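# Fold and contact review
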Amino acid sequence: MNTASPTPATQTESAPKHSRLVGNLSMFTAKTFSGFNENALKYLLPTWMNSQSGVVIRLAFGSLFFWVLGWIKPDRSEHATARDRCLLLLTGAIAVFGYMYCLLMGLTYTTPISSSIFIALQGTVVYIICLIIGTDRLSAGRLVGIVLGIGGALVCILTQKHSDVASNPLLGNFYCLGSTVLFSSYLVIEKRFLRRLSNATVSKYTFTGGLLAAIAAVLISGHWFAPVLTQHVFSTPFLVLAFVLLFPTSLSYLLTDIGLKALPATVVGLYANWILIVAAIVSYALGQDHFSWWQILSIALIIGSVCLVEKAEAKDNAPKK
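Residues numbered from 1 in each chain as written. Predicted model: local features only at pLDDT ≥ 70, side-chain atom pairs only at ≥ 80, totals over all residues. Heavy atoms only, no water.

## Things to note about unusual backbone geometry
With an omega of -10°, the peptide bond running from Leu45 to Pro46 counts as cis. Mapping Pro46 onto the fold places it in the loop between α1 (8-44) and α2 (51-72). (Helix = DSSP H or I, 4+ residues; strand = E, 2+ residues; numbered from the N terminus.)

Next up, the structure:
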C-alpha cells in the first residue's frame, strides 16, 4: 500500500482551490446581505434617518466591530506601519465615507433596483480602474462588456421617471453611479493592503477614517436626523437598522475582505451582480419599485456586461497549455 504523503506540488494545487471556494462562498453570502441592504435602507430613508446620519451610524458600528474583532482575534499578519495607517485612514475618509454617503443619498431619491443596477457595474468599473493603472490589459470581450455596461446604466438614467417610489430618479441615479466608482476604487486599493495586512487591521482603519469624515460632514452641515435611534428595540425600524448594522455593514465587509484575499478584485466586483438579483426580487415583492420593460432591458445589458467581463477574466487567467 502506498502511504506516501502528497507531493508539495499537490499541496500547493489543492490549497488555492480551497481558498477560491472559501472566497466565492464569502462573496456570495456578503452580496446576499448587500442585496437585502438596499431594501432595508430604502425603508429607513428618509423617514427614520437622513443619509448623513445613516452614514455616521453605520461607520460608528462598523469601526467598533472591527476594532473589537482585531482585539479578540490574534493578528498573525505583518503589522501596519505608520504610513499604512495614514493611507488606510485616508482611503476610508474618501472611498468608504464617499461610497456610503452617495449610496444613501441615491436610495433617498431612487429605487433599490436602480441603485443595484449601478452596483452591478462594480466589476466593470474595477476593470477600467485596473486598466488605467496598468495592472490589467484590454481585450475584445471586455471592451464589449464595458460598452454593454455603460449602455445599461444610460438606459436606467435616461428612462426612469419620477414616481411615488422615486422622488428624483435622475439625481438618485447619479449618486448611485458615484457610489459605484468610489467602492470600486476601494476594492482595488484594499486588495493591495490585504496582501500584507489582516482583514481586521485594514477594515478598522478604513472604517475609522470614514467615520471621522462622516462626523465632520454632520458637524459642518448640521444635518442630523435619526429618530430610529429613539424607537423601541423590538420596533420594526430599529430591527431593520440592527440588520443593516450587523450584516451588510459589518459581516459583509469582513466577508468581502476574505474574498479579496482569495480572488482577483475584478471577480469580487462581479459579485455585485447578485445584489441586483436579490434587490429586484425583494423590491417587487415589497412594492418598493414598479415593473418597467426599460428597467428589465437595463438589467439584461448589465448582466450581459458582467458575463462578458467575467468570461474574459477567466480566459486571461486560464493556465497556458
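After that view of the structure, there is still more to cover.
## So, the packing of helix α3 (residues 82-109) against helix α7 (residues 169-194)
Interhelical geometry of α3 versus α7 gives an angle of 155° and a closest axis separation of 7 Å. Comparing their axes, α7 and α3 come out roughly antiparallel. Note that α3 runs across α7; the crossing there is left-handed. Residues that form the contact of α3 with α7 fall into these classes: 20 nonpolar, six polar and one charged. (Axes fitted to C-alpha atoms, helices over the stretch in contact; angles between N-to-C directions. Parallel < 35°, antiparallel > 145°, perpendicular 65-115°, else oblique. Left-handed = near helix turned anticlockwise from the far one by under 90°. Nonpolar A, V, L, I, M, F, W, Y, C, P; charged D, E, K, R; others polar.)

## Quick look at the pattern of salt bridges
Per the stated rule, a full pass over the model turns up one salt bridge. With a shortest N-O distance of 2.9 Å, Asp84 and Arg196 are connected by a salt bridge. One end of the pair, Asp84, is in helix α3; the other, Arg196, is in the loop between α7 and α8 (199-221), with 112 residues separating them in the sequence. Judged by its relative accessible area of 4%, Asp84 falls in the buried class. (Salt bridge = Lys/Arg side-chain N within 4 Å of Asp/Glu carboxyl O. Buried < 20%, exposed > 50% of the residue type's maximum accessible area, 1.4 Å probe, protein only.)

## Some words on the packing of aromatic side chains
Counting across every chain of the model gives 13 aromatic pairs. Ring centres of Phe97 and Tyr101 lie 5.9 Å apart, and the angle between their planes is 25°; this geometry places the pair in the stacked category. Of the two residues, Phe97 and Tyr101 both sit in helix α3, four residues apart, roughly one turn of that helix. What makes Phe97 buried here is its relative accessible area of 16%. Among the aromatic side chains, those forming a connected cluster through ring pairs are Phe65, Phe66, Tyr99, Phe183, Tyr186, Phe207 and Tyr253. (Phe/Tyr/Trp six-rings, centres within 6.5 Å; stacked < 30°, edge-to-face > 60°.)

## Side note on the packing of α2 against helix α9 (residues 236-262)
Two numbers describe how α2 lies on α9: the axes approach to 9 Å, and their chain directions differ by 50°. Accordingly, the angle class assigned to the pair α2 and α9 is oblique. Remark: the crossing between α2 and α9 carries right-handed chirality. Each of Ile57, Arg58, Phe61, Gly62, Phe65, Phe66 and Leu69 in α2 lies in contact with α9, whose residues at this interface are Leu241, Val244, Leu245, Leu246, Pro248, Thr249, Ser250, Leu251, Tyr253 and Leu254. (Contact = heavy atoms within 4.5 Å.)

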